[in-house]
Amino acid sequence: MTTEPAPADTAQERLRRWRLVLGGDPADGTGCMLSGRDAAMDGTLAALYGKGDKPRAGRGRSAGLGASAPAVARWLGDVRTYFPSSVVQVMQRDAIDRLGLTTLLLEPEMLEAVEADVHLVGTLLSLHKAMPETTRETARAVVRKVVEDLEKRLATRTRATLAGALDRSARVSRPRHHDIDWNRTVAANLKHYLPEYRTIVPERFIGYGRASRSAKKEVVLCVDQSGSMAASVVYASVFGAVLASMRAIDTRLVVFDTSVVDLTDQLDDPVDVLFGTQLGGGTDINRALAYCQSQITRPTETVVVLISDLYEGGIRNEMLKRVAAMKAAGVQFVTLLALSDEGAPAYDREHAAALAALDAPAFACTPGLFPEVMAAAIEKRPLPIPDAG
């Protein structure tokens, strides 16, 4: 079987794309010359991903940002001109990591030029103690924009999912007709099946309660604020504020490294929560769980969510004993290795296995899955653990 050669325009487009990817090194093999917008895009990529310090007569890439604020500002503008928002965010993160541009984020004009996202917020939070006064308000505005966007995206579904779970978790034995849980009612009355009528005559009804009339659920979010957990801290603060806005849930937010800070009184504003964190430092999960355990007053109505990569700097055996004690008392214990969209996280596998042995499996959770995880915990049913593959 023979194949027809690709049309000239298709082949040229393929060469163009490879040229942009490979960067024009003499060995790239494309023989493709760029002009106009393509050349400008290539220059923008070269400033970040190029090699060497000097340009080579228009051939090949060379790093061209250095630590010059005006050059970076122009580059940020070019990036937003030539690439979609999702790519802009990746390139900004790479610029901070590859070219050491973190300190430039302390300048207000830089913050006004960047494309704000969760990762940028994490970087700003790690820097906020070092920020000059002139930059702090700009940084706060950037963080607030990201937080408000996340709330718009996550809040409605979270409230709806958890409101249903709260109602279903409050069972009543004399429900009104529209509150009857027919699946459970039928299952509980199968022995009253009448073959001649091919029907069940229920002796008792099982119904949904109403969360507003039932005992409140208590949720404790215990969040690791070590540097690797930056995105999880951002999402946890947003979800914490959403949960705190629900009257049927008493929400507590605790952040920790080697010390423990209770930020519950700031949950009405997740931006205040974020600026109350201190990203970086060590980790003492045992100390954090000890504090959370001391705040639990109704274990059977409480869900504790530990968000951590489990790299414990405290006393491992004591940590596991605390988890076992809380579960034995009736607490629903959930361990999230990450709360983010970043994919599979690095984590301490030995500690994760030890928690799984206590029937407290640890898994990574996306923001989209989090409402379902919380609903399952509230209803005391198996958690929707994603496939590790």
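Please read these numbers as outputs of a predicted model, since none were measured by experiment.

Asker: Got a minute to help me understand the overall build of the protein chain in this structure?
Answerer: When its secondary structure is counted, the protein chain shows 14 helices and ten strands. Classification of the 389 residues of the protein chain by burial places 46% in the buried group. In the protein chain, 72% of the contacts between residues at least 6 apart in sequence involve partners at least 24 apart. Surface summary for the protein chain: the accessible area is close to 19,600 Å², and the carbon and sulfur share equals 52%.

Asker: What am I meant to see in the nonpolar core here?
Answerer: As a rule of thumb, soluble globular proteins bury nonpolar side chains together. Counting 77 residues, the largest nonpolar core has Val 305 and Phe 370 as the members making the most contacts within it. At ten residues, helix H7 (residues 133-169) tops the list of elements feeding residues into this core. Those residues in contact with Val 305, other than ones at most four positions away along the chain, are Val 220, Leu 221, Cys 222, Val 334, Leu 336, Phe 370 and Met 374. With 23 residues, the next largest nonpolar core counts Val 220, Ala 288, Leu 289 and Met 319 among its residues.

Asker: Before we go on, may I ask you to explain the pattern of salt bridges in this structure?
Answerer: Should the charged atoms of two oppositely charged side chains come close, the side chains can pair. Here the structure, examined in full by the defined rule, presents 14 salt bridges. Among the salt bridges present, the one from Arg 136 reaches Glu 133, with a minimum N-O distance of 3.5 Å. Taken together, the residues span about one helical turn, with Arg 136 and Glu 133 both in helix H7 at a distance of three residues. Arg 157 serves as the salt-bridge partner of Glu 372, at 3.3 Å between the closest nitrogen and oxygen. You can see Glu 372 sitting in helix H14 (residues 370-379) and its partner Arg 157 sitting in helix H7, a full 215 residues away along the chain. Judged by its relative accessible area of 30%, Glu 372 falls in the partly exposed class.

Asker: I keep staring at the confidence of the model for the protein chain and nothing clicks. Help me out?
Answerer: Of the residues in the protein chain, 84% have a pLDDT of 70 or more, and the chain-wide mean is 82. The weakest mean pLDDT in the protein chain belongs to strand E1 (residues 171-172) at 54; the strongest belongs to strand E8 (residues 302-307) at 97. Confidence drops under a pLDDT of 50 for residues 52-63, and excluding neighbours within four residues, the segment shows 30 contacts in the predicted structure.

Asker: Which parts of the structure should I look at to understand the sheet that holds strand E7 (residues 260-262)?
Answerer: Backbone hydrogen bonds are what pair the strands of a sheet, in a parallel or an antiparallel way. Strand order in this open sheet of six strands is E7-E6-E5-E8-E9-E10, and the pairing throughout is mixed. In the strand order of this sheet, the two ends are held by E7 and strand E10 (362-365), each with one partner. Direction aside, neighbouring strands of the sheet carry axes that sit 25 degrees apart on average. Bridge count for E8 against strand E9 (residues 332-339) is five bridges, and the pairing is parallel. If you follow Val 305 over to E9, its bridge partner there is Val 334.

Conventions we followed
- Residues numbered from 1 in each chain as written.
- Predicted model: local features only at pLDDT ≥ 70, side-chain atom pairs only at ≥ 80, totals over all residues.
- Heavy atoms only, no water.
- Helix = DSSP H or I, 4+ residues; strand = E, 2+ residues; numbered from the N terminus.
- Buried < 20%, exposed > 50% of the residue type's maximum accessible area, 1.4 Å probe, protein only.
- Contact = heavy atoms within 4.5 Å.
- Areas by Shrake-Rupley, 256 points an atom, 1.4 Å probe, with all protein chains shown as cover.
- Core = buried A, V, L, I, M, F, W, Y, C linked by side-chain atoms within 4.5 Å.
- Salt bridge = Lys/Arg side-chain N within 4 Å of Asp/Glu carboxyl O.
- pLDDT = per-residue confidence, 0-100.
- Pairing = 2+ DSSP bridges.
- Axes fitted to C-alpha atoms, helices over the stretch in contact; angles between N-to-C directions.

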